[in-house]
Amino acid sequence: MSDAVINGLAGAGGGIIAQLITYPLQTVNTRQQTDRDHKKGTKRKQDVGTLKQMIQVVNTEGWGRLYSGLAPSLFGTAASQGVYYYFYQVFRSKAEAAAIARFKKGHGDGTVGIFSSLLVAAFSGCVNVLLTNPIWVVVTRMQTHRKASKLPKPSLTLSVTPDEELQTSEIEPPPYGTTNAVQELFDEAGVRGFWKGVGPTLLMVSNPSIQFMIYETLLKKLKARRALIGKANSGVTALEVRSATFLLGAAAKLGATVMTYPLLVVKSRLQAKQVTGGDKNLHYKGTLDAIMKMIQYEGLYCFYRGMSTKITQSVLAAAVLFMVKEELVKGVRLLTTGNIVNKVRRPV
């Protein structure tokens, strides 16, 4: 089994586990990002803490709403991580081969530099976005769909019969599932609607690029440090994988998230259901139109709405993903080759 396939499968598995753990935070964060208000430069009363908002969702809409869109999200996570890690490994292998070729000609040290690593991650991210964007538009629609709570039971009076009371208390809107979101999106914008927000999402490929650049740089330094103190020349121990990769993945994701968060807010606004009537200032025609209206009517604060929730969710998810992925890669290699340690290609 090739390294590209191994890393693709491991990335998909790690992404699914991370998604299951952090999904309620993701749902709350998407709702925070898509909340709209015209009180420019002010913090609204609705901007409550993450935990309090989760409780509000449970009380008004039920536990299930925290996991709305989980099924397509898990599919999207598996597809995104699999596509990303597969193409990342493919492009990485080509970059390593090119670095070795340059080394043989007397240029460089035979290793992939930071800039090349950034390009590899960026190209992988672009392929991932173009192939999987429709899935995430549907997920955003489902996460931001508000389920109306049941009507409260009327007080018992002589004018309300028991039968009327039972009928009133059981009124509830039909469930909003994946097919509903797909149909609604198609009716609203046709096939093009499934690529809503693709512009800022493509720009956001800088997020995993920065993330993986930081992660690989820190991991490379860890390996060099191990060599200096007389440990194995390649690979890291199982204990270090479980601890170091968790911390390195968290640090890498934290830096990347803070830098690219405004793009994520714009993407969510574009992918959420658009207001077709009433206040036209809440309807976005495209990326630039969304940015201008957000600045004009809500101020710069709206670009960072819900960022604390996103940082918590992203850092935790990335840390779990990296840790699980490394373990899965080693496990697959052990089963297929009997050798846990990945052989490091050195320039000759």
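- The protein chain has the name Peroxisomal nicotinamide adenine dinucleotide carrier in an unreviewed UniProt entry, where Papaver somniferum is given as its organism.

Points about helix α3 (residues 70–104)
Because each turn of an α-helix spans 3.6 residues, side chains separated by three or four positions end up pointing in the same direction.
And step 1. Look at α3: 50 Å from first C-alpha to last across 35 residues, which is about the 51 Å you get at 1.5 Å a residue.
And step 2. Looking one or two residues past α3, G106 carries a phi angle of roughly 90°, positive in sign.

What about the packing of aromatic side chains?
And step 1. For the coordinates displayed, the defined rule picks out six aromatic pairs.
And step 2. An angle of 85° between the planes, with centres 5.8 Å apart, marks the rings of Y84 and Y85 as edge-to-face.
And step 3. Given a relative accessible area of 4%, Y85 falls into the buried group.
And step 4. Ring geometry for Y86 versus F87: centroids 5.4 Å apart, planes at 90°, classification edge-to-face.

A short note on the nonpolar core
And step 1. Of all hydrophobic cores here, the largest spans 20 residues; its most connected members are Y84, Y85, Y88, F212 and Y215.
And step 2. Elements represented by at least two residues in this core include exactly α3, α4 (114–144), α8 (206–228), α9 (238–271) and α11 (307–337).
And step 3. Two domains each donate at least three residues to this core, and these are domain 1 (1–68 + 305–337) and domain 2 (201–258).
And step 4. Sequence-distant contacts of Y88, that is, excluding residues within four places in its chain, are made with V120, A121, S124, F212 and E216.
And step 5. One finds M204, L264, L270 and F303 within the second-largest nonpolar core, a separate group that totals 11 residues.

With respect to the environment of G177
And step 1. Residue position: G177 is located in the loop between α5 (162–169) and α6 (178–189).
And step 2. Sequence-wise, G177 and A71 are 106 residues apart; in three dimensions their C-alpha atoms are separated by 9.7 Å.

Let's talk about the pattern of salt bridges
And step 1. Counted under the stated rule, the structure contains 10 salt bridges.
And step 2. Its salt-bridge partner being E96, residue R92 comes within 3.5 Å of it at the nearest N-O pair. Here the residue R92 and the residue E96 both occupy positions in helix α3, the gap between them amounting to four residues, near one helical turn.
And step 3. Classification of R92 as buried rests on a relative accessible area of 14%.
And step 4. Residue E96 is classed as partly exposed on the basis of its relative accessible area of 24%.
And step 5. Between E188 and R141 there is a salt bridge, with the nearest N and O atoms lying 2.9 Å from each other. Note that E188 is positioned in helix α6 and R141 in helix α4, a separation of 47 residues in sequence.
And step 6. The class of E188 is partly exposed, set by a relative accessible area of 30%.
And step 7. With relative accessibility at 2%, the residue R141 sits in the buried group.

Some words on the side chain of R31
And step 1. Looking at the secondary structure, you find R31 in helix α1 (residues 3–34).
And step 2. There is a polar contact of 2.8 Å between the side chain of R31 and the side chain of E61.
And step 3. Leaving out residues up to four positions away in the same chain, R31 has contacts with Q53, V57, E61, R65, Q143, T144, H145 and R146.

Re the packing of α3 against α4
And step 1. The interhelical angle for the contact between α3 and α4, taken along N-to-C directions, is 170°, at an axis separation of 8 Å. Taken together, the axes of α3 and α4 are roughly antiparallel relative to one another.
And step 2. Of the residues assigned to the contact of α3 with α4, the class counts are 18 nonpolar, nine polar and one charged.

So, how was this worked out
Residues numbered from 1 in each chain as written. Predicted model: local features only at pLDDT ≥ 70, side-chain atom pairs only at ≥ 80, totals over all residues. Heavy atoms only, no water. Helix = DSSP H or I, 4+ residues; strand = E, 2+ residues; numbered from the N terminus. Expected span 1.5 Å × (residues − 1). Phe/Tyr/Trp six-rings, centres within 6.5 Å; stacked < 30°, edge-to-face > 60°. Buried < 20%, exposed > 50% of the residue type's maximum accessible area, 1.4 Å probe, protein only. Core = buried A, V, L, I, M, F, W, Y, C linked by side-chain atoms within 4.5 Å. Domains from an automatic or database assignment. Contact = heavy atoms within 4.5 Å. Salt bridge = Lys/Arg side-chain N within 4 Å of Asp/Glu carboxyl O. Polar contact = N/O pair within 3.5 Å; in protein donor to acceptor, adjacent residues only side chain to side chain. Axes fitted to C-alpha atoms, helices over the stretch in contact; angles between N-to-C directions. Parallel < 35°, antiparallel > 145°, perpendicular 65-115°, else oblique. Nonpolar A, V, L, I, M, F, W, Y, C, P; charged D, E, K, R; others polar.

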